[in-house]
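Residue-level structural notes
The lines below spell out each chain.
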Amino acid sequence: MAAAILFGTFVVLMLIGTPIAFCLGVASFATILYIGLPPMVVFQQMNSGMNVFTLLAIPFFIYAGDLMVRGGIAQRIVAFAGSLIGHLRGGLGQVNIAASTLFGGISGSAVAEAAAVGGLMIPQMKMRGYGADYAVNVTSMAALIALLLPPSHNMIIYSISAGGKISIADLFTAGIIPGLMLASALMVTAYLVARRRGYPTEQFPGFARVGWFLLNALPGLMLIGIIFGGVRSGVFTATESSCIAVFYALLVTLIVYRSMGWSAFVDATLGAVRTTSMVLIIIGTAASFAWLMAFLRIPATLIDWMGTISQNPLVILLLINVLLLLLGTFMDMGPTIIITTPIFLPVATHYGVDPVHFGVILILNLGLGLNTPPVGAVQFVACAVGRISVWQAMRSIWPFYGAGIVVLLLVTFVPAFSLWLPSVFR
């Protein structure tokens with residue numbers, strides 16, 4: 001009955017449009033009252049959920065991403081990607097994906113990437129004869145690459161939700177190959193769709209011009225190596241790397257590019273504060289919700305139930321993927337990671353799945369949910385930039401979404417895609 005109250009209250013509040021943080025908090029409070037525990041337990045769990053040192057990395061990475069978007073780094077990365085591969089069929093679509101891959105290794109945020117790269121690329125694509133739905137779908141799916149590449153905020157949230165026992169450096173490394181696989185799959189799909197629709201190519205500017213664009217974008221691109229190399233080598237932690245990212249972003253935008261004005265700096269700071277406050281309140285209430293699930297032994301019950309279906313790890317992973325895809329359709333990514341990790345991680349490890357491998361599966365799976373209404377945050381941002389309805393985008397997103405599903409299945413059933421690179425760096 002307590003579990004029914006916990007999930008029932010949460011679902012009802014979510015269906016009537018209550019913000020997700022309040023859904024989690026009120027459901028936890030109602031369940032605590034039914035069980036007979038002191039209501040203070042909810043607030044203690046919220047505090048313990050937010051009072052984690054590693055969480056400091058999230059606001060700093062968000063801040064660094066905002067500074068880079070407003071300081072002109074995104075524009076230079078797009079220009080470099082355009083000079084490099086713009087001559088392929090559906091050139092601007094290919095540029096969109098390549099720029100998202102490069103910028104994703106800097107921002108770590110799918111929503112920020114959709115806004116930054118989409119704001120630059122979607123208007124240009126529409127002006128040059130590309131369909132608005134094609135431009136929006138390429139942008140929204142390519143934005144998911146940022147979820148897998150360091151410094152992914154969601155990898156940090158997953159590590160914390162797993163009890164802080166999973167190395168963030170291993171998670172950062174494990175996401176690189178799947179991220180590049182997703183980029184490659186999307187580029188092939190974009191090429192095929194562009195060829196079928198007869199979209200144009202761009203003129204190759206020559207290797208000298210490509211080199212000039214690379215040098216212009218290099219100060220921003222160097223941050224990828226600084227973050228990944230520093231964390232992976234142990235020179236600094238993920239939290240320390242986020243502070244270095246902010247300092248480096250300020251250095252590049254203020255001194256190297258000289259493109260950051262006072263108003264842009266203030267806007268970036270306020271934007272980071274607003275985003276951080278929303279993320280942390282969700283993390284706090286989700287931590288209380290997750291504690292109650294553990295208290296009610298929901299993960300153990302789920303393991304027993306799945307055991308009645310099959311003892312085959314491949315079948316269990318397939319079932320978990322289906323459940324996560326359904327949850328990702330109705331819930332935002334951050335709270336879903338915090339809620340589902342304590343439920344599904346014990347199930348996965350019970351059947352021999354490596355926690356790092358499962359983290360990549362979880363992030364990629366829930367990332368696909370960011371492109372499915374009614375709670376598709378990335379899809380909403382891309383549609384707003386492209387000025388089309390979500391329904392228009394959804395009617396033609398299926399080739400790109402299908403490419404994402406193929407990559408998800410490959411990552412799920414071939415653990416080496418996630419685990420080989422971390423083993424090499426170890």
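Residue numbers here run from 1 along each chain, matching the order of that chain's written sequence. Selection of residues for local features in this predicted model requires a pLDDT of at least 70, selection of side-chain atom pairs for listing and counting requires 80 or more, and totals for whole chains, interfaces and linings are taken over all residues. By convention in this description, side-chain values take in all heavy atoms of the structure and omit both hydrogens and water.

Looking at an unreviewed UniProt entry, one finds the protein chain named TRAP transporter large permease protein and attributed to Nitratireductor mangrovi. UniProt positions are given in the numbering used here, feature names are shortened, and annotations may be inferred rather than shown by experiment. As stated in UniProt under Subunit (unreviewed entry), the record for the protein chain gives "The complex comprises the extracytoplasmic solute receptor protein and the two transmembrane proteins." One UniProt comment on the protein chain, placed under Sequence similarities (unreviewed entry), says "Belongs to the TRAP transporter large permease family."

**Quick notes on the overall build of the protein chain**
Helix and strand definitions here come from DSSP, where helices need a minimum of 4 consecutive H or I residues and strands a minimum of 2 consecutive E residues; each element is numbered from the N-terminal end. Secondary structure assignment for the protein chain yields 22 helices and 0 strands. Considered along the principal axes of its C-alpha atoms, the protein chain spans approximately 70 × 45 × 45 Å. Counting across all 426 residues of the protein chain, residues that qualify as buried make up 55%. We call two residues contacting when some pair of their heavy atoms lies within 4.5 Å. Restricting to contacts in the protein chain with at least 6 residues of sequence separation, those with at least 24 account for 79%. Using a 1.4 Å probe, accessible areas were evaluated by the Shrake-Rupley method; residue-level cover was limited to the displayed protein chains. Counting only carbon and sulfur atoms, one obtains 70% of the accessible surface of the protein chain, whose full area is about 17,100 Å². Only protein chains enter the area calculation, which uses a 1.4 Å probe; residues under 20% of their type maximum are buried, those over 50% are exposed, and those in between are partly exposed.

**A few points about the pattern of salt bridges**
Here, a salt bridge means any side-chain nitrogen of Lys or Arg that lies within 4 Å of a carboxyl oxygen of Asp or Glu. Tallying each qualifying case throughout the model produces 1 salt bridge. Note that Arg197 is salt-bridged to Asp133, the shortest N-O span being 3.1 Å. Residue Arg197 is located in helix α11 (residues 176-197), and its partner Asp133 is located in helix α8 (residues 132-142); the two are separated by 64 residues in the primary sequence.

**A closer look at the packing of aromatic side chains**
Stacked, edge-to-face and tilted labels apply to pairs of Phe, Tyr and Trp rings (six-membered ring for Trp) whose centres lie within 6.5 Å, assigned for plane angles under 30 degrees, over 60, and everything in between, in that order. In total, this model carries 9 aromatic pairs according to the counting rule given. On the basis of an interplanar angle of 80 degrees and a centroid distance of 5.9 Å, the ring pair of Trp398 and Tyr401 is categorised as edge-to-face. Of the two residues, Trp398 and Tyr401 both sit in helix α21 (residues 398-413), 3 residues apart, roughly one turn of that helix. Among the residues examined, Trp398 registers a relative accessible area of 48% and is labelled partly exposed. An aromatic cluster is built from Tyr130, Tyr134, Tyr199 and Phe400, whose rings are joined through pairwise contacts. Criterion for a charge above a ring: Arg CZ or Lys NZ at most 6 Å from the ring centre, at most 35 degrees from the ring normal. In this structure, Arg209 is placed above the aromatic ring of Trp212, and the distance from its NZ or CZ to the ring centre is 5.1 Å.

**A word on the nonpolar core**
The nonpolar side chains of soluble globular proteins are, as a tendency, buried together. Only buried residues count toward a nonpolar core, which is a set of Ala, Val, Leu, Ile, Met, Phe, Trp, Tyr and Cys residues joined through side-chain atoms within 4.5 Å. Formed by 144 residues in total, the largest nonpolar core has its most connected members in Tyr134, Tyr158 and Phe358. Here the element with the most residues in this core is helix α14 (residues 262-295); it accounts for 10 residues.

**Description of a nonpolar patch on the surface**
The patch calculation keeps residues exceeding 30% relative accessible area without a salt bridge and links them within 9 Å when they carry like charges or within 5 Å when they are nonpolar (Val, Leu, Ile, Met, Phe, Trp, Tyr). On the surface, Leu314, Leu318, Val322, Leu326, Val406, Leu409, Leu410, Phe413 and Val414 cluster together to form a nonpolar patch covering roughly 700 Å² of accessible area. Where the nonpolar patch is concerned, the elements lending two or more residues are α16 (313-330) and α21. With respect to the helices, strands and loops of the structure, Leu410 is situated in helix α21.

**What to know about helix α9 (residues 153-161)**
Across the 9 residues of α9, 9 count as buried, placing the element largely inside the fold. Those residues of α9 not exposed but buried are His153, Asn154, Met155, Ile156, Ile157, Tyr158, Ser159, Ile160 and Ser161. Of the residues one or two after α9, Gly163 is the one with positive phi, at around 95 degrees.

**Brief notes about the side chain of Asn365**
Structurally, the position occupied by Asn365 is in helix α18 (residues 355-369). Owing to a relative accessible area of 0%, Asn365 belongs among the buried residues under this scheme. In this structure Asn365 touches Asn321, Leu324, Leu325 and Leu408, once residues within four positions along its chain are discounted.

**Overview of the layout of surface pockets**
Buriedness for pockets is judged along seven lines, at least five of which must meet protein on both sides within 12 Å for an open set on the 1 Å grid over protein atoms alone, while cavities are sets there where a 1.4 Å probe fits but cannot get out, and lining residues have an atom within 4 Å of a point. Grid points are joined across faces, edges and corners, and a volume is the space filled by probe spheres set on the points. Within this model, the second largest pocket holds a volume of roughly 360 Å³. At the level of elements, α1 (2-15), α16 and α17 (333-350) are the ones that each hand at least two residues to the lining of the second largest pocket. Residue contributions to the lining of the second largest pocket peak at 5 residues, all from α1.

**Some remarks on helix α22 (residues 416-425)**
Among the residues of α22, those classed as buried are Ser418, Leu421 and Pro422. Down the axis of α22, the smallest arc covering the buried residues is 95 degrees, so these residues share one side. The inward-facing, buried residues of α22 contact α10 (168-174), α11, α12 (207-233), α18 and α21. To obtain the arc, one takes the directions from the helix axis to the C-beta atoms.

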